[in-house]
Amino acid sequence: MSLPQPAENQAYCNVSALEAGLIDLLDTMFITNAVSGMVTKAPSLSFLIRHSTRNENFVFDLGIRKDWENYPPAIVEWAKKTYPVDVKQDVVESLQKGGLQPTDIKYVCLSHLHWDHTGNTHPFTNSTFLIGTAAQSLLQESKYPDKPDGRYSHDLLPSDRTLFLDPGEWKPIGPFPRSFDFYGDGSLYIIDAAGHLPGHINVLARTSSDGGWIFLGGDSAHHWNLITLESDVAVGHPGHLHICAHADKELAEEHIRRINALWKLPRVRVIIAHDEPWYSKNKGGDAFWPGKIASL
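These notes cover the structure that comes with them. Owing to the predicted nature of the structure, the values given are computational and were not obtained by experimental measurement.

### Considerations on the sheet that holds strand β4 (residues 46-51)
Move 1: In space, the six strands of this open sheet follow the order β1-β4-β5-β7-β8-β11, with mixed pairing throughout. Since the sheet does not close on itself, it has two edges, and those belong to β1 (13-18) and β11 (162-165), each with one partner. On average, each strand axis in the sheet is inclined to that of its neighbour by 20°, with strand direction left out of account.
Move 2: Summarising the sheet, strand β7 (residues 107-109) and strand β8 (residues 128-132) pair through three bridges and their orientation is parallel. Residue pairing across strands places C109 opposite L130, the latter belonging to β8.

Encoded structure:
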C-alpha cells in the first residue's frame, strides 16, 4: 500500500485550487444516513498543477461554465430543477487572477465528462485534452444536437487535440491497480478511477521532493463521509440514468475503499471535487491560485 519513495533530486508538483462555481447537492442523493432535506452547497473544484522543473501548466477539471445556460438543453434543465449552480468566478477568471490565460495551459485533464467538470473548453485553444478512453462511448451515444436530449455538446472536445487514455496496461501504485506516470519522473500519476462514469480518472501528485502527496479524487465520492467510510453510497437518484450517483456502484465503492486506504497513509492529502469541508476552511486563502496548497 505504500507510495514510491522519492528519488534523488525528485521532481514534484505545485498544486493550486481554482474557483469554478458552486452547486447544490441534496445529501440523501449521495450518502446513507443523511439528514432528510439537507442540501450541501459544494464547490466544483478545479486545480492548476505546475511541475517543479518543466515550464508547463496542467489543469485538472474545468468546473462549471459561467454561462451555464449554454450547456445542452438537457443539462440546463438539470441545473434549474435538480442542481442549482452559482458561478461567480469560473476557471478562466481564476487563472487570470494569477496572471495566466487559458492559452498558457498545455494540458487539460478532465476527470470525466459530467457538465460540472467540463466547464467551457473553448478558450483552451493551445491545450491537449486528456480523458479516459471509455468516455468515447458517452460522446457517441449522447451527442448534442445530433440527439436533442444529448448531454454532451458535439464540440466539447477538439478532435485533433484530445488524447483518450487507455488504462489497460497501466501499473499499480499504492492501493490503486492502474496508474500512469504522466511525466515519467514520479511527479504526477493519472489513476484509473472506474465506477463513477466511463473514463473517470483521478490524479495523484507529489507535492514535495521529500515525500508529500496530494490526491485529487474528482467524483469518486460526493461527500467526505464516504471517504471516511462513515456513510455508504445512497441508492435512489431521481431523474438519473443509474440507481445511484455512479454508473457502477460496486466498482465505485471498491475505489472509495482504496481512497480510504490512501488517506490513512502519512503525508497524503485527499481532496474531492465537491469537497465542502475543505472549501469552507480554505476559500479565499493561500491554497487558491496564485497561492498553492501546502504540502503535508
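### A short note on the sheet that holds strand β16 (residues 213-216)
Move 1: One open sheet accounts for six strands, arranged β12-β13-β14-β15-β16-β17; its pairing is mixed. Edge strands, defined here as strands with exactly one partner in the open sheet, are β12 (171-173) and β17 (268-271). Going across the sheet, the axis of each strand differs from the next one's by a mean of 35°, ignoring polarity.
Move 2: The sheet contact formed by strand β15 (residues 201-206) and β16 spans four bridges and is antiparallel. Within β16, the residue paired with A205 across the bridge is I214.

### Digging into the pattern of salt bridges
Move 1: One pass over the full model with this rule turns up 11 salt bridges.
Move 2: In this structure, K106 and E56 form a salt bridge, with 3.2 Å as the shortest nitrogen-oxygen distance. Taken together, the positions of K106 in the loop between α2 (91-97) and β7 and E56 in the loop between β4 and β5 (57-60) put the pair 50 residues apart, joining distant regions of the chain.
Move 3: For K249, the salt bridge is made with E253, and the minimal N-O distance between the two is 2.7 Å. Placement of both K249 and E253 in helix α6 (residues 249-263) is noted, with a separation of four residues, approximately one turn of the helix.
Move 4: A cluster of three or more residues bridged by salt bridges with shared partners is formed by R54, E56 and K106.

### A look at α6
Move 1: Here α6 contains 15 residues, and its C-alpha end-to-end distance of 21 Å stays within 8% of the 21 Å for a straight helix at 1.5 Å per residue.
Move 2: Of the residues making up α6, those classed as buried are A252, H255, I256, I259, N260 and L262. Seen from one end, α6 has its buried residues packed into an arc of 160°, which puts them on one side.
Move 3: Taken together, the buried residues of α6 touch β13 (176-181), β14 (188-192), β15, β16, α5 (224-227) and β17.
Move 4: The opening residue of α6 is D248, an N-cap whose side-chain oxygen sits 3.3 Å from the backbone nitrogen of E250.

Conventions adopted
- Here the residue numbering is sequential within each chain, running from 1 through the sequence in written order.
- Selection of residues for local features in this predicted model requires a pLDDT of at least 70, selection of side-chain atom pairs for listing and counting requires 80 or more, and totals for whole chains, interfaces and linings are taken over all residues.
- No hydrogens and no water enter the side-chain calculation; it runs on all heavy atoms of the structure.
- In this scheme, strands are said to pair when DSSP sees at least two bridges between them.
- By the criteria applied, helices consist of DSSP H or I runs no shorter than four residues and strands consist of E runs no shorter than two, each listed in order from the N terminus.
- Structural elements are reduced to axes, namely lines fitted to C-alpha atoms, with helices fitted over the stretch in contact, and the angle between N-to-C directions of any two is expressed from 0 to 180 degrees.
- Basic side-chain nitrogens of Lys or Arg form a salt bridge, by our definition, when they fall within 4 Å of a carboxyl oxygen of Asp or Glu.
- Expected helix span is computed as 1.5 Å times (number of residues minus one).
- Partly exposed describes any residue whose relative accessible area lies between the buried limit of under 20% and the exposed limit of over 50%, with all areas from a 1.4 Å probe on protein chains only and scaled to the type maximum.
- Note that the arc is computed from the directions linking the helix axis to the C-beta atoms.
- Note on contacts: a residue pair is in contact if any heavy atoms of the two residues lie within 4.5 Å.
- Any pair of nitrogen or oxygen atoms within 3.5 Å is treated as a polar contact; in protein, a donor-acceptor pairing is required on top of that, and neighbouring residues in sequence qualify only through side-chain atoms on both sides.

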